[in-house]
Amino acid sequence: MKTAVAWMLWLITCMVFILSTRNPIYIMVVLLNLLILGNHLAKKKRNNEWLKHNTFFLLTMIGLSTIINSLFAHSGRNILFTLPKGWPLIGGNITLESLVYGAINGLVISALYLLFNILNLSLQIKQLTRLIPRAFHPIAMMVTIALTFFPSIQQRAQEIKEAQIIRGNPMKKMQDWIPILIPLLVTSLENAIQLSESMTARGYHVQVNKNTNLSLVGLVFGAFSIFSAWILQLYNYPEGILFVLYILGGLIILLTLLHSGKQRTSTQYYKEQWGFSDLTGAVFMSVYLLAYISLLSYNKLPSLFYSPYPNLSFPPLQLLGLLFSVLSIFPLFLSFND
Amino acid sequence: MIKISSLSFTYPQSTTAVFNDLNLEIQPGTMTLLAGASGSGKSTFLRCLNGLVPHFSGGIISGKINVFGSEPIKEGPEHMASRVGFVFQDPESQFVFDIVEDEIAFPLENMAVPRREMHQRVDEIIHEMQLTNIFRKNTRDISGGEKQKVVIASALVCQPQVLILDEPTSQLDPVAANEIIKYIVKLKSQLNLTVLIAEHRLERLLPYIDNILYLTQDQKMVYGHPQKVLPIMDQVPPIIDIAKGLDVFPLPLSAEDFPDEKKRFQPVEKEHPHDENKDSLDPFLDVNNLSVNLSDQKILHNISMQVNKGEILIIMGPNGAGKTTLLRALMGLIPSNGSRHFMGDDMTKMTLTQIIQHIAYLPQNPNDLLFADTILDELKTTLKNHNKSLSPETISAFLKHFGLADFQHRYPRELSGGERQRTAIAAITVHNPKIIFLDEPTRGMDYKAKETLSDLFHEWCRQDKSVLLVTHDVEFAANIADRVAIIEHGKVKFYGSPKRAFQCYPAYQSQTAKLFPNTGWIIPEDIVLTT
Amino acid sequence: MKRRIKRILIDLIVLALGFLGLLSPFIFPQANSAATQGATFPIMISLIIVLCLFIVLFEAQTSLIDNKIMAFLGVLIAINAGLRFLENAIPGPAGFSPVFFLIILTGYFFGSRLGFLMGAMTLFVSALITGGVGPWLPGQMITAGWVGQSAALLKATVDIFKWEGRPIELILLSGFGAFWGFLFGAIMNLWFWPFLGAGQGQGFLQSAGFSQNVQRYTAYYLATSLIWDASRAVGNVIILAALSRPVLKILSRFKLRFSFQHREQSTT
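Conventions and cut-offs
Residues numbered from 1 in each chain as written. Chains lettered and ligands numbered in written order. Predicted model: local features only at pLDDT ≥ 70, side-chain atom pairs only at ≥ 80, totals over all residues. Helix = DSSP H or I, 4+ residues; strand = E, 2+ residues; numbered from the N terminus. Rg over C-alpha atoms; globule rule 2.2 N^0.38 Å. Buried ≥ 20, exposed ≤ 12 C-beta atoms within 10 Å, placed from the backbone. Contact = placed C-beta atoms within 7 Å. Nonpolar A, V, L, I, M, F, W, Y, C, P; charged D, E, K, R; others polar. Domains from an automatic or database assignment. Axes fitted to C-alpha atoms, helices over the stretch in contact; angles between N-to-C directions. Parallel < 35°, antiparallel > 145°, perpendicular 65-115°, else oblique. Left-handed = near helix turned anticlockwise from the far one by under 90°. Pairing = 2+ DSSP bridges.

### Quick look at the overall build of chain B
- A count of helices and strands for chain B gives 21 helices and 19 strands.
- For chain B, the C-alpha radius of gyration of 25 Å lies close to 24 Å, the compact-globule estimate for 531 residues.
- When each of the 531 residues of chain B is scored for burial, the buried share is 49%.
- Long-range pairs, those at least 24 residues apart, make up 68% of the contacts in chain B between residues at least 6 apart in sequence.

Rendered as structure tokens:
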């Protein structure tokens, strides 16, 4: 599976799943899947340390979260020990439930982290750059320039450093970095002028967008709409209103960006090639997402909503829930096909 | 065709015009060489033809320019992109993308060419220009010559009628440079282009050009056939100098054109002061069996050479032979085996701080060194680094050697390329080291600047200091070398007198030597003296 | 003038939205069924920030008026991304980041828009290069953007009092760097807070008031990131004190060359 769209779909799907459940079993299954998938992808890129590093990170995160939560939250029935109540904020019972709750948080954070880590592994920088909406074309071009220049800047910095050391620069104080930074800055900026000249000579010019004000109003309006929808959701307003506000906001933003993007008169040379695995992956993930959301809204998956409070109990399991967790590893099967 | 009427231009913030009232017609399908000293306005002129001047540069322009029906002054560079392809000097600072294919497609994207057509045209040009083995590669991973080809392809993908190149070979080694020139000539006839090319090393282009456009220092211009223009130019390649001196007309544009009768001279063996291998008993720098390994690869094998007091040693060789590695190994920057001695002391036991007291190193890009506000500050920095200090009078006298005494308080980056290089050299030698290493100092320099540099070296040698210089420039080397070492594949292929080096090895033959084989003459001055 | 008003308006809107979003765990007490609602906090806050970024970046983009300034900023971003690399290579004390001084100086010298772009896009590009794209990225981008943007305010202050070139300018710049050293960390923690289940009613108490939650957050901040932020602040001070003057000099030399109003031409 190679295309950005397919992977983004996978990302969104898994993200929705992870964020909508607090059931530690499900999350652990997903985490395991991600570790397997990530390791496989990393090995393909000849990175054999990936598993080690990320497992370490995982454990740290879970540990940190567990400790923090247990220190700050004091509800729960299974008290392990008690800190003097006089201590500010952390004084009180340290309960098993709060430990578990913290651990679950850690699991969620780690899963999200791994999710994005895998995205970084599977997509090339270019693909990520091309995801920038067309409405932001000048910024995208600037990013491209920065990415293209980056390696030569590193190299040049090395050369300058060596040249100045040969000249006798002791390289001890912060001031000693001036003879390295300044030539780097000056030479690079002079290159920038040359680059912009070359771009101009080849027909590139930044286009002034008409109707920026209108677009800005659109974006602000859309943002407010979504924001207010969320706040209202927190206050349990009826679903109909929420739905309308969310969709309205989303549509306005989308339309604004599309309209603004169309103003740019240039074409794109690169087009992502969709292979069989991309198609399969995209379809599969869409079906998964739709199925999941419908089951969720019809309350067919109560096992998702687990809480250790007030009394610790073993989390409930449903076959469907397990199925959804396990299927997050789907791209792995596709990659054997690649 | 290109028609220019009454063209005048002044840069913003400048009081003198770059050129005044230029009138010119360039016929389609011709190749025109732009010649003239640095600063005479060649680059400015070229940029007028696609509108970069004045749209990109600012300034005040008057007159009319018509390039195959378009008017760059009116339309601006964005619209001229499909008429005029422009190639600049440094390929690396022209790359927007990191993949060759994307870079070539860039102009088409800007002109909103539909995707299918874009792919077609890019494929076409990749095949025409024989880039099929690199078009998927990263723009940083290809050679200098290939980089320049990519730039040319990107300029030509819009199918312009005019191709302009502003010193395209300055950053290339001689092999790549010659290849690019032949390439351009081929493209010109293949695609029926009108080509304008600015270049310092005129001898590379003389055989192929139809006309020369010569810009003089006093804003005048001469345009015409090489036979008409060459005689009135100050700075000409050695072969033309020789021809003028020997009264050979019409002027030969390449060694083959040189008429045979004129070549039949009595070969008078000229005494070169450094004919014999003067391996003296106490050399400044003594290198024996130096080897360098980097990640299990032998980069240098058994290099032995000497640099004596007051001597200039030139190191030559193809790209990748290990010349820069040699310099760095000699400085002790990278580990090496074998012995290095400076004035009898074992360098392997010296720290870098100690070594740099005696040896100065000018990197390939002297701008890398300059960071201070004034030339004086640059010198003071080096002095401070070495815990030395000099009186203002001493410093002034020192700067006088470089012709920079009047610029003491100027900002180095505002000076010309040659002046900046000399500033860098002054900055690294102000603490009076005995030897200076230079890595390719003559890139992109015109003849006058090279002369000034040679004078500088000769002055040093008079002060009993030595020079170790890596260069591709055979003519420059022939002028100043006392000893020559040729390195190929990390081994010393030749080490000995310049006479033998520049006569006997075809890749390193100077023009004089090519014309007069078996005479021992390597620079025009040799001939003039003995006939 | 009209442009100014528009800019300030946009800035205020984005600030309002952004901070409302970041502070929402403190402001909006929970209704019932915390389990479902709470989980929305982290992702919704990230989404709000992304939308804020859209707004500001869209507006800031209009300052990229020609190829020169775009290449200029692109190269500066590349240099800054390179410095970020150094962050991992050179073992400074944790939190020390050489990235901020260029952001501050760009905003200081070239104005709020370009400062914002410099900050946000530095973080973006270095995330792309190091493979660090993640849900934290929008928060990082907008905060770094604010660093650059606010530097323009500092410049305005210096201009009013005509302190340019005087030692106090340097002191202000260094102080500014110290201030943001801490504030950056505080804001990033604000972003991270909901992920620790803060919105879920157990990191907070459901019935706890605003001030109680603030207390909890302060404790969390002190415990986890104070050292990081302190070393970042100190680092900024040292770098800015040493490097501001030379860099500002270079920027001013280039400003003329990148000047895009020089298109006077007359055809006679």
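### Notes on unusual backbone geometry
All names here are of chain B.
- Val-53 connects to Pro-54 through a cis peptide bond whose omega is 5 degrees.
- Looking at where Pro-54 falls in the secondary structure, it is placed in helix α2 (residues 52–55).
- Phi angles above zero are rare outside glycine, and Met-343 is one such case at about 50 degrees.
- On the secondary structure map, Met-343 appears in the loop between β13 (337–342) and β14 (345–346).
- Here Met-343 falls in the partly exposed class, since 14 other C-beta atoms lie within 10 Å of it.

### Considering the interface of chain A and chain C
- Taken together, the 72 residues of chain A in the interface contact 64 residues of chain C.
- Among the secondary structure elements, those contributing two or more residues to the side of chain A that touches chain C are α3 (50–72), α4 (96–122), α5 (125–130), α6 (137–166), α7 (178–201) and α8 (212–234) of chain A.
- Per element, the largest residue contribution to the side of chain A that touches chain C is 15 residues, and it comes from α7(A).
- Looking at the side of chain A that touches chain C residue by residue, the classes come out as 52 nonpolar, 19 polar and one charged.

### So, the domain arrangement of chain B
Residues and elements named next belong to chain B.
- Per the domain assignment, the segments of chain B are domain 1 (2–96 + 160–236) and domain 2 (285–371 + 433–496).
- Here the C-alpha centre of domain 2 lies 36 Å away from the C-alpha centre of domain 1.
- Contacts between domain 1 and domain 2 engage 10 residues on the former and 10 residues on the latter.
- By residue class, the composition of the side of domain 1 that touches domain 2 is three nonpolar, five polar and two charged.

### Here we look at the packing of helix α2 (residues 24–44) of chain A against helix α11 (residues 319–326) of chain A
Residue and element names in this part refer to chain A.
- Running from amino to carboxyl end, α2 crosses α11 at an angle of 25 degrees, the nearest separation of the two axes being 8 Å. The angle between α2 and α11 places the two elements in the roughly parallel class. Regarding α2 and α11, the two cross each other, and that crossing is right-handed. For the pair α2 and α11, contact is made by Tyr-26, Val-29, Val-30 and Asn-33 and by Gly-321, Leu-322, Ser-325 and Val-326, respectively.
- Along the lines of polarity and charge, the residues of the contact of α2 with α11 split into five nonpolar, three polar and no charged.

### Considerations on the pairing of strand β3 (residues 31–35) of chain B
Residue and element names in this part refer to chain B.
- Most of β3 sits inside the fold, with five of its five residues counted as buried.
- The two faces of β3 match: Met-31, Leu-33 and Ala-35 on one face and Thr-32 and Leu-34 on the other face are all buried.
- Judged from the four bridges that link them, β3 and strand β7 (residues 194–198) form a sheet pairing that is parallel. When the sheet's bridge partners are listed, Thr-32 is paired in β7 with Leu-196.
- Alignment of β3 against strand β8 (residues 211–215), held across four bridges, turns out to be parallel. Within β8, the position partnered with Leu-34 by the bridge is Leu-213.

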